[in-house]
Amino acid sequence: MHVQAQTQKQSAMKLNAGIITEKLPETKAFYTEILGFGITYENEFYLLMHTPNKQAEISFLLPDHPSQQPLFKDAFSGKGVYLTIEVEDVDAKYQELKEKGADIKIDLRDEPWGDRHFAIEDPNGVGIDIVEYHQP
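For the structure given in this document, a descriptive report is provided here. As the structure is a prediction and not an experimental result, all values here were calculated from the model. Residue indices begin from 1 for each chain and proceed along its sequence in written order. Restriction of local features to residues with pLDDT of at least 70 applies here, the model being predicted, together with a cutoff of 80 or more for giving and counting side-chain atom pairs; totals for whole chains, interfaces and linings are based on all residues. Hydrogen atoms and water are omitted, and side-chain values are computed over all heavy atoms in the structure.

1. Re the packing of aromatic side chains
Here comes step 1: Any Phe, Tyr or Trp ring, taking Trp's six-membered ring, that has another such ring centre within 6.5 Å forms a pair; planes under 30 degrees apart are called stacked, those over 60 apart edge-to-face, and the others tilted. For the coordinates displayed, the defined rule picks out five aromatic pairs.
Here comes step 2: Their ring planes at 45 degrees and their centres at 5.2 Å tell us that Y31 and F60 sit as a pair that is tilted. Here Y31, found in helix α2 (residues 24-34), pairs with F60, found in strand β4 (residues 57-61); they are 29 residues apart in sequence, far enough to count as distant.
Here comes step 3: For every residue, the accessible area (1.4 Å probe, protein chains only) is compared with the maximum for its type, and the residue is labelled buried under 20%, exposed over 50%, or partly exposed between those bounds. Judged by relative accessible area, which is 0%, Y31 ranks as buried.
Here comes step 4: The class for F60 is buried, based on a relative accessible area of 0%. To qualify as a helix, a DSSP run of H or I must reach at least 4 residues; to qualify as a strand, a run of E must reach at least 2; elements of each kind are numbered from the N terminus.

2. As for the sheet that holds strand β3 (residues 46-50)
Here comes step 1: Pairing within the open sheet is mixed, and its four strands lie in the order β1-β4-β3-β2. Looking at strand neighbours, the two that pair on one side only are β1 (16-20) and β2 (38-42), the edges of this open sheet. Ignoring which end each strand starts from, the neighbouring axes of this sheet average 25 degrees apart.
Here comes step 2: When DSSP finds two or more bridges between a pair of strands, those strands are recorded as paired. Inspection of the sheet shows β2 paired to β3 by four bridges, in the antiparallel sense. Interaxial angles span 0 to 180 degrees and are taken between N-to-C directions of axes, which are lines fitted to C-alpha atoms, for helices over the stretch in contact.

3. Some remarks on the nonpolar core
Here comes step 1: Y31, L35, I120, I128 and I130 are the most contacted members of the largest nonpolar core, which totals 24 residues.
Here comes step 2: Secondary-structure elements contributing two or more residues to this core are α2, β3, β4, β5 (82-86), α3 (90-99), β7 (116-121) and β8 (127-132).
Here comes step 3: Among the elements that make up this core, the one with the highest residue count is α2 (four residues).
Here comes step 4: Residues contacting L35, with those up to four places away along its chain left out, are F30, P52, I85, L97, I120, I128 and I130. Definition of nonpolar core: a set of buried residues of the types Ala, Val, Leu, Ile, Met, Phe, Trp, Tyr and Cys, connected through side-chain atoms within 4.5 Å. Any two residues whose heavy atoms approach within 4.5 Å at even a single point are treated as in contact.

4. Observations concerning the sheet that holds strand β6 (residues 106-110)
Here comes step 1: Read across the sheet, four strands follow the order β5-β8-β7-β6 without closing on themselves; strand pairing throughout is mixed. For this open sheet the edge positions go to β5 and β6, each flanked by a neighbour on one side alone. Looking at each pair of strands side by side, their axes are set apart by 20 degrees on average, direction ignored.
Here comes step 2: Sheet strands touched by α2: β5, β7 and β8. Its angle to β7, the strand with the most contacts, is close to 150 degrees.
Here comes step 3: Sitting on the sheet, α3 touches β6, β7 and β8, and the angle it makes with β7 is about 30 degrees.

5. Overview of the pattern of salt bridges
Here comes step 1: In what follows, salt bridge is the name for a side-chain nitrogen of Lys or Arg lying within 4 Å of a carboxyl oxygen of Asp or Glu. Following the criterion strictly, the structure yields nine salt bridges and no others.
Here comes step 2: Close ionic contact of E111 with R109 constitutes a salt bridge, the shortest N to O distance being 2.7 Å.
Here comes step 3: The class of R109 is partly exposed, set by a relative accessible area of 40%.
Here comes step 4: Salt bridges here are not isolated pairs; linked through shared partners, they connect D91, D110 and R116.

6. Thoughts on the pairing of β6
Here comes step 1: Note: β6 against β7, three bridges, orientation antiparallel. Directly across from D110, in β7, lies its bridge partner R116.
Here comes step 2: Here β6 hands over to β7 after five residues, with G114 in that stretch at a positive phi of 115 degrees.

On their own, these measurements won't tell you what the molecule is for.
Listed below in structure tokens is the structure:
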């Protein structure tokens, strides 16, 4: 019985990735205007956003904030992080983002392993791969 209860607790785990950045206003505009994210919570130093269907969240935090411990004070350097957003119709999303003026960093393409995708970049230098998965 104890093992089953422990397994149930583990399956309830939720991930919320966070990026420490000085660019909160630019980040908020990008994720709401370009990607259609909503704001879950916001204050003067923290921004929590959710995908349009509310299935995932991402947060942004000002660097060097007095409320934070040293581990969470240094700003993201702008390299080595990417997000993947899976969509049902990547061609439609590509057209939508182009019409909104998004800077397409990798043009729409098919990969030999089955993905059809394109990529953009957020104001913090985070690459965002927008993908529709297919069987190869």
